[in-house]
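Structural overview for review
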Amino acid sequence: MTMSNELPATSGKGRLIILWTLSVLTALTFFAAGGPKLAGVPAMVEIFDKVGFGQWFRYFTGLLEVTAAICLLIPRYAFYGAIALAMVTIGAIIAQLTVLEHSVGAPVALLVTTGVIGYLRKPAWLHTAGRNQVRG
């Protein structure tokens, strides 16, 4: 008995529309978050002062957000962009819980969204990785 994780062919178009909608909205969100960090908006400078890693970390985070957002819009690289953004949002959740004392609602929602995008854009080599193992 074989089981497949693939969706039925009839849902392919709807799945693709949902995937592209999530990808575009998430990419826009991270452009909007990364741009001010790179531009040195005073609120971002203040937040990263509170975090305590230095302003280099603001530039690094902003560059990572903008670059990974671009990757979300390129199907071949969307999985890797989603993984990078998931790591950024995990860092944001930790910073907001420990230092910034802000709500974690937005980063948690973005973590879920990037996780869904990453899962749906999973490269072929990950689909077959577990099948090559011998089962006993």
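Please read all numbers here as calculations on a predicted model, not as lab measurements.

For the structure on display, the rule yields 6 aromatic pairs. Where Phe53 meets Phe57, the ring centres are 5.1 Å apart and the plane angle is 65 degrees; that geometry is what we call edge-to-face. You can call Phe57 partly exposed: its relative accessible area is 24%. Note on Phe79 and Tyr80: the rings are 5.2 Å apart at their centroids and 80 degrees apart in plane angle, and the pair reads as edge-to-face. A connected cluster of aromatic rings, assembled from ring pairs, spans Phe48, Phe53, Trp56, Phe57 and Phe60. Across from the ring centre of Tyr59, 4.3 Å away, lies the NZ or CZ of Arg58, which sits over that ring. Above the ring of Trp20, the side-chain terminus of Arg121 is found at 5.0 Å from the ring centroid.

Within the chain, Glu101 stands out as a residue other than glycine whose phi angle is a positive 55 degrees. Counting through the fold element by element, Glu101 comes out in the loop between helix 4 (75-100) and helix 5 (105-120). Given a relative accessible area of 69%, Glu101 falls into the exposed group.

So, about the packing of helix 4 against helix 5. Put simply, helix 4 and helix 5 touch, their axes get as near as 8 Å, and they point 160 degrees apart. When the axes of helix 4 and helix 5 are compared, the pair comes out roughly antiparallel. Considering how the two elements wind past one another, helix 4 and helix 5 form a crossing that is left-handed. Between helix 4, through Phe79, Ala82, Leu85, Ala86, Thr89, Ile90, Ala92, Ile93 and Gln96, and helix 5, the contact on the second element is made entirely by Pro107, Val108, Leu110, Leu111, Thr114, Ile117 and Gly118.

Parameters and conventions
Residues numbered from 1 in each chain as written. Predicted model: local features only at pLDDT ≥ 70, side-chain atom pairs only at ≥ 80, totals over all residues. Heavy atoms only, no water. Phe/Tyr/Trp six-rings, centres within 6.5 Å; stacked < 30°, edge-to-face > 60°. Buried < 20%, exposed > 50% of the residue type's maximum accessible area, 1.4 Å probe, protein only. Lys NZ or Arg CZ within 6 Å of the ring centre and 35° of its normal. Helix = DSSP H or I, 4+ residues; strand = E, 2+ residues; numbered from the N terminus. Axes fitted to C-alpha atoms, helices over the stretch in contact; angles between N-to-C directions. Parallel < 35°, antiparallel > 145°, perpendicular 65-115°, else oblique. Left-handed = near helix turned anticlockwise from the far one by under 90°. Contact = heavy atoms within 4.5 Å.

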